[in-house]
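This is what each chain is made of:
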Amino acid sequence: MRMTDLIAKKRDGGRLTTEEIEWLIRGYVSGEVPDYQMSALCMAILFRGMDDTEVLDLTMSMMRSGETLDLSPIRGVKTDKHSTGGVGDKTSLVLCPMVAACGAKIAKMSGRGLGHTGGTIDKLESFPGFVTGISEERFFENVNRIGIAIAGQTAEVCPADKKLYALRDVTGTVPSIPLIVSSIMSKKLAAGADVIVLDVKCGSGAFMKTPEQARELAEGLTRVGRLAGRKCAAVITDMDEPLGFAVGNALEVREAIDVLAGRSEAGELLELCLTLGSFMLSLGGLAENEDEARARLRATIADGSALAKLADMVEAQYGDARAVYDTSLLPAAACVVEVPAASAGYVKHIEAENVGLVSMHLGGGRATKESEIDLSVGVVLHKKVGDRVEAGESLASDAAKAAEAAELLRRCYTLSGEPVAREPFIKGVVR
Ligand code: URA
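Quick caveat: nothing in here was measured; it's all calculated off a predicted structure. (Residues numbered from 1 in each chain as written. Predicted model: local features only at pLDDT ≥ 70, side-chain atom pairs only at ≥ 80, totals over all residues. Heavy atoms only, no water.)

### Observations regarding the overall build of the protein
Next up, step 1: Summing up its helical and strand segments, the protein has 17 helices and 13 strands in all.
Next up, step 2: Its C-alpha radius of gyration of 22 Å places the protein within 12% of the 22 Å reference for a compact globule of 431 residues.
Next up, step 3: Based on the C-alpha atoms only, the size of the protein along its principal axes is roughly 65 × 50 × 40 Å.
Next up, step 4: Buried positions account for 56% of the 431 residues belonging to the protein. (Helix = DSSP H or I, 4+ residues; strand = E, 2+ residues; numbered from the N terminus. Rg over C-alpha atoms; globule rule 2.2 N^0.38 Å. Buried < 20%, exposed > 50% of the residue type's maximum accessible area, 1.4 Å probe, protein only.)

### Some words on the sheet that holds strand E2 (residues 105-110)
Next up, step 1: Spatially, six strands are ordered E3-E2-E1-E4-E5-E13 in an open sheet, and the strand pairing comes out mixed. Edge positions in the open sheet fall to strand E3 (148-152) and strand E13 (426-430), since each of these has one partner strand only. When strand polarity is set aside, the average angle formed by the axes of neighbouring strands in this sheet is 20 degrees.
Next up, step 2: One ladder, built from five bridges, connects strand E1 (residues 78-83) with strand E4 (residues 195-202); its direction is parallel. Its bridge partner lying in E4, Thr-79 is registered against Val-195. (Pairing = 2+ DSSP bridges. Axes fitted to C-alpha atoms, helices over the stretch in contact; angles between N-to-C directions.)

### Some details on the site of the ligand
Next up, step 1: Around the ligand lies a shell formed by Tyr-165, Arg-168, Ile-180, Ser-183, Ile-184, Lys-187 and Phe-207.
Next up, step 2: Here Arg-168 contributes a side-chain N or O atom positioned 2.9 Å from an oxygen atom of the ligand.
Next up, step 3: For the ligand, a nitrogen atom lies 2.6 Å from a polar atom in the side chain of Ser-183.
Next up, step 4: Considered on its own, the ligand offers 240 Å² of accessible surface; in the complex 88% of this is hidden by protein.
Next up, step 5: Among the secondary structure elements, those contributing two or more residues to the shell around the ligand are helix H8 (159-169) and helix H9 (177-190).
Next up, step 6: Here the shell around the ligand gets four residues from one element, more than from any other, and that element is H9.
Next up, step 7: Of the residues contributing to the shell around the ligand, the split by class is four nonpolar, one polar and two charged. (Near = heavy atom within 4 Å. Polar contact = N/O pair within 3.5 Å; in protein donor to acceptor, adjacent residues only side chain to side chain. Areas by Shrake-Rupley, 256 points an atom, 1.4 Å probe, with all protein chains shown as cover. Nonpolar A, V, L, I, M, F, W, Y, C, P; charged D, E, K, R; others polar.)

### Focus on the packing of aromatic side chains
Next up, step 1: Overall, the coordinates contain two aromatic pairs when judged by the stated rule.
Next up, step 2: Seen in terms of ring centroids, Phe-127 and Phe-130 are 6.5 Å apart; in terms of plane orientation they differ by 40 degrees. Their pairing is tilted. This pair shows no difference in class: Phe-127 is buried, exactly as Phe-130 is.
Next up, step 3: On the numbers, 6.0 Å between centres and 55 degrees between planes, the contact of Phe-139 with Phe-140 is tilted. (Phe/Tyr/Trp six-rings, centres within 6.5 Å; stacked < 30°, edge-to-face > 60°.)

### Remarks on the pattern of salt bridges
Next up, step 1: Under the defined criterion, the tally for this structure stands at 30 salt bridges.
Next up, step 2: Here Asp-52 and Arg-223 are joined by a salt bridge, their closest N and O atoms 3.0 Å apart. Taken as a pair, Asp-52 in helix H4 (residues 52-63) and Arg-223 in helix H10 (residues 211-227) lie far apart in primary sequence, 171 residues in all.
Next up, step 3: One salt bridge connects Glu-241 with Arg-422, and the closest N-O pair in it is separated by 2.8 Å. Highlighted residues: Glu-241 in the loop between strand E5 (231-238) and strand E6 (246-247) and Arg-422 in the loop between strand E12 (413-416) and E13, separated in sequence by 181 residues. (Salt bridge = Lys/Arg side-chain N within 4 Å of Asp/Glu carboxyl O.)

### Quick look at helix H3 (residues 35-48)
Next up, step 1: Helix length check: H3, at 14 residues, gives a terminal C-alpha distance of 20 Å against a target of 20 Å (1.5 Å per residue), a fit within 8%.
Next up, step 2: Along H3, the residues that are buried comprise Gln-37, Met-38, Ser-39, Leu-41, Cys-42, Ala-44 and Ile-45.
Next up, step 3: On its buried face, H3 is in contact with helix H1 (3-11), helix H2 (18-30), H8 and H9.
Next up, step 4: Positive backbone phi, approximately 75 degrees, marks Gly-49, located one or two places after H3. (Expected span 1.5 Å × (residues − 1). Contact = heavy atoms within 4.5 Å.)

### A look at the nonpolar core
Next up, step 1: Residues Met-98 and Phe-127 are the most contacted members of the largest nonpolar core, which totals 80 residues.
Next up, step 2: With nine residues, helix H12 (residues 269-283) is the largest single contributor of residues to this core.
Next up, step 3: Composition of this core by domain shows at least three residues from each of domain 2 (78-325) and domain 3 (337-416).
Next up, step 4: Those residues in contact with Phe-127 that lie beyond four places of it in its chain are Val-253, Ile-257, Leu-310, Val-314, Asp-320, Ala-323, Val-324 and Leu-330.
Next up, step 5: Counting residues in each nonpolar core, the second largest holds 58 residues, with Phe-139, Leu-179, Ile-184 and Ala-191 among its members. (Core = buried A, V, L, I, M, F, W, Y, C linked by side-chain atoms within 4.5 Å. Domains from an automatic or database assignment.)

### Topic: the side chain of Thr-84
Next up, step 1: The residue Thr-84 is located in the loop between E1 and helix H5 (91-101) in this model.
Next up, step 2: Every residue in contact with Thr-84, bar those within four places of it in the chain, is listed here: Ile-184, Asp-199, Val-200, Lys-201, Phe-207 and Leu-217.

Interpretation in functional terms is not warranted from these geometric data alone.
The following block contains the structure:
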């Protein structure tokens, strides 16, 4: 086989066979296929697309490029969730303990944050002592014993995706739906769950800017999941403003704990967790239908079992579980600066991506993979889209080492003289 032939075939609108796809992924990982030829192929895929069989073949070849997790030693229904990434997205911290408290097994591999989006692994490290790099043996033991473990994704999972994603990032080929689907699903399939629920973010703070693009991605992801023999559903949700109120690692953990403790719904965060969780339980056969699943999930908040599950996980991963019940033990910033509104009005828009960047610049996120982060810093929004604000009233606050981000944060807000209606948060569902 010759890479030039495969590039030309895709450039002319042809379809790649299973053998060709397997050959090119193996060749790319081993270094026989050079970056410049792979970039040309990615660009041809971006323009010409791929059919379902090609996307499935690409996904499976990428999955097989590294380690896959065999979850069969874990008893029960293994469920997983993935978000395409947003600002203030602490969903896993709330959802996973709730679902585990209902009897599903969560054996989850998560990532670190990069750029304006955060990562679950960094957030969990806000618990003093928490270890995300636990051994595979401990990971399996924890899931069997308490029903939940969340660990960092190892370098051995999907090396093809790591190499290909870095290439796409610098060749303008990230926004290709077949390439995004194979990138996400290769990692999710490698993680081994029976049920996979996907939260596809849509809006200014997300990869997918329009509901149409988000639906296309959601349909692509669920189709590949099902073709690979997993139970899959996707929810398309708003990312035109940050999710909930807190952005920043320890601040988001506090907000997640408040939801699990029943003290807050954190805007739409609880609703999102009930929706995703109801799919996880019903697809996994742990509830008769989505309504029953929702009721059971709500009960885990009312009876404290979801919060207790989070504490069990923190303890089982060597963290200080007292922080679940006493959040003053979490890292806290030295300085909190309020951001007063310059004029009165209604909040029309909050530039989610820029709020994420403010938190990153305060030290809460990574500009490069090597950056050190400060778990204590971030942003708390006091006003969300549709809210009325008076001149001088605080729009948001930034928690940092020094007062530095107020003006940047103020510029994330657009106010309107007229009342602003909120758009629906859940924009679609793909079952
Ligand atoms: N997230 C991924 O893991 N891969 C993509 O290609 C896009 C988002």
